[in-house]
There are 2 protein chains.
Amino acid sequence: METLYAAVDLGGTKIAAALGNATGSLLHTETIPTPPGANPEQVLAAIGTLVDSLSARAGRRPTALGVGIPGLIDTRTGHVHFVPNLPTQWRGVPAGAFLEHSLRMPVRILNDARCATFGELLFGHGPEYPSFVLFTLGTGIGGGVVIDGRLRLGPLSAAGEIGHQTVQLDGPICGCGNPGCLEAIASGPAIARAAGFPDAESAASAARQGDHRAQRAFHTAATYLGIAAANLVTSLHPDAVLFTGGMAELVDLLLMPVRAAVSERVRMFPAQGVAVRRAAAGPNAGLLGALALNIAPTKLAL
Amino acid sequence: METLYAAVDLGGTKIAAALGNATGSLLHTETIPTPPGANPEQVLAAIGTLVDSLSARAGRRPTALGVGIPGLIDTRTGHVHFVPNLPTQWRGVPAGAFLEHSLRMPVRILNDARCATFGELLFGHGPEYPSFVLFTLGTGIGGGVVIDGRLRLGPLSAAGEIGHQTVQLDGPICGCGNPGCLEAIASGPAIARAAGFPDAESAASAARQGDHRAQRAFHTAATYLGIAAANLVTSLHPDAVLFTGGMAELVDLLLMPVRAAVSERVRMFPAQGVAVRRAAAGPNAGLLGALALNIAPTKLAL
């Protein structure tokens with residue numbers, strides 16, 4: 001019987017969980033709302049219950065669990081350092097040990113954007129591109145950096161925060177506090193605000209129908225996203241720059257201008273060989289990455 | 001008898017050569033002017049003559065040669081792809097094979113800024129910092145990226161061109177053709193021009209004596225250098241950002257403001273642990289790196 005792995009993607013509003021196999025097929029999935037106001041122990045208990053419930057459906061237990069958490073995690077120890085979007089204090093919570101104890105299986109924990117990158121590495125375009133940079137474009141901009149087939153983590157699985165590169169001196173203040181981050185200019189909400197629309201989707205429709213303000217908002221976002229992508233290409237010469245998340249679907253408004261920016265701004269070496277394209281792993285990249293944590297742990301640069 | 005290695009640093013105006021041992025001691029050195037207007041074969045022949053001359057002085061031959069060349073090199077094949085600062089056409093020159101044939105020893109060739117980074121990796125602060133970024137600050141701004149003890153190269157030893165990150169949209173046109181590169185704002189000549197002085201050294205003296213225009217020029221350069229450094233920290237979470245070259249000595253005018261910028265702009269994780277300091281390998285970093293090519297070739301991410 002094939003080995004089963006458990007994967008959990010913990011978010012501020014929902015917790016997605018799945019069982020999957022070593023080839024990245026998600027066999028059983030379940031999603032619950034993140035218990036509002038719950039303390040870390042309660043959230044971790046809910047994760048344990050989810051895994052138990054999926055095991056019951058599958059008729060057997062997975063061999064290990066991988067978890068993506070939107071924060072700073074010491075992946076070696078499984079200790080949580082900081083989670084900005086969950087209400088209660090997570091600093092110092094030994095989440096890995098807690099889950100290993102309650103589920104009696106090995107547990108690996110990683111930052112969620114790095115998890116999505118890891119999913120792309122194993123089950124998306126990763127096999128084509130030994131070195132790549134992934135941008136996750138949505139309400140925030142996150143990402144990850146893969147060098148020679150291994151996901152760069154750093155001590156808190158925080159390497160890859162490429163949405164927090166300063167692209168405009170004295171630009172708009174970002175949620176992180178720094179002025180001029182890419183995220184403060186090119187995230188969905190930032191584009192919507194600049195375009196004067198409630199969300200990026202309606203701003204995109206308007207831009208395509210000729211609304212000048214919406215077009216300008218996307219032009220600005222694409223310009224700075226292009227600079228951020230070109231700078232990473234110049235610094236790392238990866239094989240590809242990939243984009244995922246809802247905004248990555250806006251090929252005409254974002255992806256094509258970014259591709260042009262990379263080819264115009266990278267002059268020190270021929271960058272035509274660097275692919276600039278959508279990621280392949282899709283909306284389940286985070287779960288796939290959590291699954292992958294126990295399938296290919298040597299691809300984590302711990 | 002200890003093993004000897006040969007090292008050559010080919011520049012637009014001079015060729016430096018040395019013999020050294022596995023611990024990075026340069027035992028014999030010799031420098032000649034780069035033959036003006038010489039074709040690649042003549043320049044390579046001059047390199048061969050230098051190595052022969054050093055061998056004669058040492059009374060024996062080195063086991064291998066490492067060469068730093070200011071251009072795009074396929075380090076796997078030893079083929080030169082492009083050399084901007086040498087007069088004649090180097091494209092496609094099999095420099096490695098040529099030197100291996102004439103000197104009858106293994107030869108490795110690398111871009112010169114990557115060579116300096118490799119020197120720092122083996123014989124500078126590298127042993128303290130498994131992952132670091134090096135800026136070479138001078139008439140241009142180059143550098144290199146080391147991840148987990150290995151120098152990132154990419155297919156043409158061109159990864160690490162961190163001086164050609166765009167830091168200012170529509171900024172001054174860089175020598176590479178792109179507007180707003182860090183090099184176009186923060187290189188020695190760029191600072192001197194902005195300060196109204198013939199060179200960066202006199203601009204630095206003037207800034208220290210209270211010249212407002214010179215102070216502004218350094219402030220601008222340090223601001224953008226700080227952004228570039230902070231962006232690399234945010235993206236890669238290295239253990240250190242190191243600075244070498246003449247301008248790296250300007251601790252008060254450049255290094256301290258850059259250190260402050262990294263700590264102010266990196267908000268997504270605690271960056272206090274990231275060292276921001278001068279490199280240790282000094283002006284011979286390029287030669288030391290060329291020497292190191294044959295001492296620790298596994299540290300090249302080929």
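First, a word on what this report is: a plain description of the structure on this page. (Residues numbered from 1 in each chain as written. Chains lettered and ligands numbered in written order. Predicted model: local features only at pLDDT ≥ 70, side-chain atom pairs only at ≥ 80, totals over all residues. Heavy atoms only, no water.)

## A few points about the packing of aromatic side chains
Residue and element names in this part refer to chain A. This is how it is decided: Paired rings are identified among Phe, Tyr and Trp, the last through its six-membered ring, by centres lying within 6.5 Å, and are further divided according to the angle between planes into stacked (under 30 degrees), edge-to-face (over 60) and tilted (the rest). To qualify as a helix, a DSSP run of H or I must reach at least 4 residues; to qualify as a strand, a run of E must reach at least 2; elements of each kind are numbered from the N terminus. Buried means the residue's accessible area, taken with a 1.4 Å probe over protein chains only, is under 20% of the maximum for its type, while exposed means over 50%, and partly exposed covers the values in between.
Counting across every chain of the model gives two aromatic pairs over all chains. Between F135 and F243, the ring centres sit 5.2 Å apart and the planes meet at 10°, which makes this aromatic pair stacked. Taken together, the residues F135 in strand β8 (residues 132–137) and F243 in strand β11 (residues 240–244) connect sequence positions 108 residues apart. Assigned by exposure class, F135 and F243 land together as buried.

## A word on helix α2 (residues 95–103) of chain B
Residues and elements named next belong to chain B. The condition that has to hold: Starting at the helix axis, one direction is taken to each C-beta atom, and the arc is that of these directions. Between two residues, a contact is recorded if the distance between any of their heavy atoms is within 4.5 Å.
By the burial criterion, the buried members of α2 are A95, G96, L99 and L103. Burial along α2 is one-sided: seen end-on, the buried residues are contained in an arc of 100°. The inward-facing, buried residues of α2 abut α1 (40–58), β4 (65–69), β6 (79–82) and β7 (107–111). Backbone geometry just downstream of α2 places R104 in the positive-phi region, at approximately 55°.

## Digging into the pairing of strand β2 (residues 14–20) of chain A
Residue and element names in this part refer to chain A. Note the cut-off: Note: two strands are recorded as paired if DSSP finds a minimum of 2 bridges between them.
Among the seven residues that make up β2, six are buried, leaving the element largely enclosed by the rest of the structure. Alignment of strand β1 (residues 5–10) against β2, held across six bridges, turns out to be antiparallel. Its bridge partner lying in β2, Y5 is registered against G20. Here β2 folds back onto strand β3 (residues 26–33) in antiparallel fashion, the turn holding five residues, of which G24 has a positive phi close to 85°.

## Some points on the relation of the copies chain B and chain A
In plain terms, the rule: In superposing the copies, a least-squares fit is computed on C-alpha atoms, taking residues whose pLDDT is at least 70 in both.
With an RMSD of 0.0 Å, chain B superimposes on chain A once it is rotated by 180° and translated 0.0 Å along the axis. What we have between these two chains is a two-fold relation. The fraction of interface residues of chain B whose copies in chain A are also interface residues reaches 100%, indicating that both copies meet through the same surface.

## Considerations on the interface of chain B and chain A
Cut-off, in case you're wondering: Buried area adds together the accessible area that both of two parts lose upon being put together, with accessible area traced by a 1.4 Å probe. Salt bridges, as used here, are contacts in which a Lys or Arg side-chain nitrogen is within 4 Å of a carboxyl oxygen on Asp or Glu. Each polar contact in these results corresponds to two N or O atoms within 3.5 Å; when the atoms are within protein, one needs to be able to donate a hydrogen and the other to accept it, and residues that are neighboring in sequence are counted only if both atoms are side-chain atoms.
The interface of chain B with chain A comprises 40 residues on the first partner and 40 residues on the second. Carbon and sulfur atoms supply 57% of the area that chain B and chain A bury against each other, a total of about 3600 Å² over both sides. If you sort the residues of chain B by the area they bury against chain A, R152(B), R265(B) and M268(B) come out on top, with a joint share of 18%. Connecting chain B to chain A are two salt bridges. D148(B) is paired through a salt bridge with R152(A); the nearest N and O atoms lie 3.4 Å apart. At the boundary of chain B and chain A, one finds 20 residue pairs in polar contact (both at pLDDT 80 or more). Broken down by secondary-structure element, the contributors of at least two residues to the side of chain B that touches chain A are β9 (141–147), β10 (150–152) and α7 (212–236) of chain B.

## Focus on the pattern of salt bridges
Residues and elements named next belong to chain B. In this structure the tally under the stated criterion is 14 salt bridges over all chains. With a closest N to O distance of 2.9 Å, E161 and R114 form a salt bridge. Taken together, the residues E161 in the loop between β10 and α4 (183–186) and R114 in helix α3 (residues 112–123) connect sequence positions 47 residues apart. Taken individually, E161 and R114 each receive the classification buried, so the pair is uniform in this respect.

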